[in-house]
Protein chains: 2
Amino acid sequence: MRARNLAVVLGEISRRQPVSRARLADVTGFTKTTVSSLVAALKDAGLIREDGPVRDGERGRPATAVSINGDRVAGLGLEVNVDYLAACVLDLGRRIRHRHIVAADNRGRAPEQVIGALTDLAERAIAAAADQGLTVAGAVVALPGTLDRAGGRVRTAPNLGWRDVAAGDLLAAGLPPLALPADQDNEANLAALGELWFGDGRELGSYVHVSGEIGVGAGIVVDGRVFRGAHGFAGELGHVVVDPAGPPCACGGRGCLEQVAGQEAILRAAGIPDVTGTSTAGPDGPLAALIALLRDGDEAALAAVRRAGEALGQALSAAVNLFDPDGIVLGGIFSALAPWASPAVEEALGGGTGVVRHTPPRLTVSRLGGDAAALGAAALVIERVMTDPARLLTEAPVRPRER
Amino acid sequence: MRARNLAVVLGEISRRQPVSRARLADVTGFTKTTVSSLVAALKDAGLIREDGPVRDGERGRPATAVSINGDRVAGLGLEVNVDYLAACVLDLGRRIRHRHIVAADNRGRAPEQVIGALTDLAERAIAAAADQGLTVAGAVVALPGTLDRAGGRVRTAPNLGWRDVAAGDLLAAGLPPLALPADQDNEANLAALGELWFGDGRELGSYVHVSGEIGVGAGIVVDGRVFRGAHGFAGELGHVVVDPAGPPCACGGRGCLEQVAGQEAILRAAGIPDVTGTSTAGPDGPLAALIALLRDGDEAALAAVRRAGEALGQALSAAVNLFDPDGIVLGGIFSALAPWASPAVEEALGGGTGVVRHTPPRLTVSRLGGDAAALGAAALVIERVMTDPARLLTEAPVRPRER
């Protein structure tokens, strides 16, 4: 119970800061004694700080207020993707304190090797946080695959060549002990969360965020929260069927979106050969080659991207009919391809969602950059601190007697 | 604040009944004085009742307990569908107290006429409730169309021929004043809620409930709550595209599920002629004719239903990939057609959702019967009473001083 009450008070402080203890008692319904005890515990843990006096509306005389303390506790976000590793540190006040991306071709490398390199990045990030007086409370790693989050395992990350990898254990073994256990999540979910905290998601509220490089994924945000589904597999946009007579997919279906709008499918259709096994990002990668062709007005490249946009719009119209979001954000490779793909996406969306809604949802392009998922991973750590601050408390969880 | 606290206490009583005031203070964090005041108000409103003494675990001596009172307050659920009207009364203890279905061909009838007939049904239900000592706190009407719930209007119900109808106002004008304002919702959402309260949904938790007669809709339930989307239009399964080269749909798309798996499309493909304008339900309706053909092993009928099942499975695999539910419940016409349609649905589902999940979601057939949406409408009234009991209180909302 005390753990829940700590979270309630911390949440109200975050929403109303600066805020007096008397006001916190009013809005939570707790007694002032209870509020004072909870506030003291949160302050001892470095999660909030005492501000100067604020004028309290009801009583008219100044009272000491409290606010979130952005200078003591931080979250570490990590990302493994096909072409790079990333780390970032976010403080409790939501400020980015450290951001680091390293190009790396992770395809076919042993998971131990990849997580080892990620651990190096994590250690540097923790040191950079310490230099700024920040203690990292926890770490979350974004991975491009389906995860068994409860078991801390990657079930399958086909584009990395991983299957049943205990990524959480590998990571935890390489990191110093943190207050919150290390956790992992799908890159699509975390990129959507990054968009919510630092991109267009703040205005949208409910949206579908398209991500992916080789694969096509989506993170679905409903009322400011990532929607994960009953088993954590929601948002598998890449396996929505767009052409029942299309090519077979590894998932067992036929004509899945990924078969038309995944990066390899686009490159193949554009006539850019032999992409498997090469790093796709960077100035010499095949994505750069594709964009160069698009800029030159190459017919095959334009047609491939247009066809991908149509298929993406068709799959998104299913998502719109089922989820009814406020907007759609194109991230991943589609943010780079947006100038050529967006018109086809919009046309397919407009055609398929007309009668039910007044207008199709707003289509925007992510401006977050490559490490959106790392930002989202750090945001998830901060979310956890906010919803379960009790884990960061050093005191014994004794509840003061009430009368 | 008091309104929220009343709901918190009523919710805990519902979850833990019978429960003592001391235990309620423990679990809510409110003072005993606050709990006693809230409990007294809920009891005065007839929402809870005093039970005999229960043994209180912590202190070891018996205390008076309180429980939900099922004998004072009820919810009225109403339904307008293409072929029938329905009403039902549910008490706060979730028992069905009254259930009434009347066949009626509502196609092309003026909304005033239809709502007038529904009001007669509602009055009889209210009288039947009163005979059992129950006061109806509110009414919700289920409608087959897209609704502007905030404005109390039906935007479009194509199979009734309605467009921009103030159904809420029409209904409220015909009913005696109730504590909660009359409300309306989509039949797909409410049938899914009915399934949650009285069907297989209780076990599933998160599921997609397929409904519809002429149209095809879905109600999506996530963790025991109906998912409505940002504007109330979620679950438009009928407009998921299953064949981009298929026939045009009224929504502006092509090859929407409804064009293949809607009742009229199935009847047409089965060679059952001239269905527009005739009542589809009942022993002489075309659905009965279709089922007779299926029982006789008619090739065209079997092929039409199999094709509808394939298309439904394909659209559902999109829903499964995006929502990741625990199960799927076939309601509406698909519960009657399930013996012939289910194998095709299962095959399409299994093919399209294999690699991501261990197993495809469980497919079940609704056993609720035709008035699932009316049951769900009554359940929605009870949900509202539970989440906002303050509206049923007669006392002035004065908050006791705390110190």
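Definitions and cut-offs
Residues numbered from 1 in each chain as written. Chains lettered and ligands numbered in written order. Predicted model: local features only at pLDDT ≥ 70, side-chain atom pairs only at ≥ 80, totals over all residues. Heavy atoms only, no water. UniProt positions renumbered as here; feature names shortened; annotations may be inferred. Pairing = 2+ DSSP bridges. Helix = DSSP H or I, 4+ residues; strand = E, 2+ residues; numbered from the N terminus. Axes fitted to C-alpha atoms, helices over the stretch in contact; angles between N-to-C directions. Contact = heavy atoms within 4.5 Å. Buried < 20%, exposed > 50% of the residue type's maximum accessible area, 1.4 Å probe, protein only. Buried area = accessible area lost by both parts, 1.4 Å probe. Salt bridge = Lys/Arg side-chain N within 4 Å of Asp/Glu carboxyl O. Polar contact = N/O pair within 3.5 Å; in protein donor to acceptor, adjacent residues only side chain to side chain.

The name an unreviewed UniProt entry gives chain A is ROK family transcriptional regulator, with Actinoallomurus liliacearum as the organism. Recorded under Sequence similarities (unreviewed entry), the UniProt text for chain A is reproduced unchanged: "Belongs to the ROK (NagC/XylR) family."

Draft legend 1. Region of interest: the sheet that holds strand β6 (residues 96-103) of chain B. All names here are of chain B. Across the sheet, 5 strands lie side by side as β6-β5-β4-β7-β11; this open sheet has mixed pairing. Pairing within the sheet leaves two strands with one partner each, and these edge strands are β6 and β11 (183-186). Neighbouring strand axes in the sheet, compared pairwise and without regard to direction, differ in orientation by 20 degrees on average. With 7 bridges connecting them, strand β4 (residues 73-80) and strand β5 (residues 84-91) associate as antiparallel partners. Within the sheet, the bridge partner assigned to Val 80 lies in β5 and is Leu 85. Contacts between helix α4 (residues 111-131) and the sheet are confined to β4, β5, β6 and β7 (135-143), with β5 contributing the most and set at about 25 degrees to the helix.

Draft legend 2. Looking closely at the sheet that holds strand β8 (residues 146-148) of chain B. Residue and element names in this part refer to chain B. The 3 strands lie next to each other as β8-β9-β10, forming an open sheet whose pairing is antiparallel. The open sheet has two edge strands with one neighbour each: β8 and β10 (162-165). For this sheet, the mean angle separating the axes of adjacent strands, direction not counted, is 20 degrees. Looking at chain direction, β8 and strand β9 (residues 153-157) are connected through 3 bridges and run antiparallel. Across the sheet, the residue bridging to Thr 146 is Thr 156, located in β9.

Draft legend 3. Main features of the pairing of strand β5 (residues 84-91) of chain A. Residue and element names in this part refer to chain A. With respect to burial, β5 is a largely interior element, 8 of its 8 residues being buried. Taking every second residue as pointing to the same face, both faces of β5 are buried, with Tyr 84, Ala 86, Cys 88 and Leu 90 on one and Leu 85, Ala 87, Val 89 and Asp 91 on the other. Connecting strand β4 (residues 73-80) to the next strand, β5, in antiparallel fashion are 3 residues. Where β5 and strand β6 (residues 96-103) come together, 7 bridges link them in antiparallel fashion. Looking across to β6, one finds that Ala 87 is bridged to His 100. Following β5, the chain reverses through 4 residues before pairing antiparallel with β6; Arg 94 in that reversal takes a positive phi of roughly 70 degrees.

Draft legend 4. Structural view of the UniProt feature "domain: HTH marR-type" (unreviewed entry) in chain A. Under the feature "domain: HTH marR-type" (unreviewed entry), the UniProt entry names residues 9-50 of chain A. In residues 9-50 of chain A, the share of helix is 69% and the share of strand is 12%. The end C-alpha atoms are 14 Å apart.

Draft legend 5. Structural context of the pairing of strand β9 (residues 153-157) of chain A. Residue and element names in this part refer to chain A. Counting buried positions along β9 yields 4 of 5 residues, so the element is predominantly enclosed. A loop of 4 residues connects strand β8 (residues 146-148) with β9, the two strands running antiparallel in sequence, and Gly 152 in this loop sits at a positive phi of about 70 degrees. Pairing geometry for β9 and strand β10 (residues 162-165), over 3 bridges, is antiparallel. If you follow Thr 156 over to β10, its bridge partner there is Arg 163. Connecting β9 to the next strand, β10, in antiparallel fashion are 4 residues, including Gly 161 with a positive phi near 80 degrees.

Draft legend 6. Focus on the interface of chain A and chain B. Tallying the contact residues gives 55 residues for chain A and 54 residues for chain B. Of the roughly 4400 Å² buried where chain A meets chain B, counting both sides, 55% is carbon and sulfur surface. Put simply, chain A and chain B have 0 salt bridges between them. Remark: the boundary between chain A and chain B carries 18 residue pairs in polar contact (both at pLDDT 80 or more). Contributing elements (two or more residues each) for the side of chain A that touches chain B: α1 (2-16), α2 (21-28), β13 (217-222), α11 (299-323) and α12 (333-352) of chain A. Broken down by element, the residue count for the side of chain A that touches chain B peaks at 7 residues, all from α11 of chain A.

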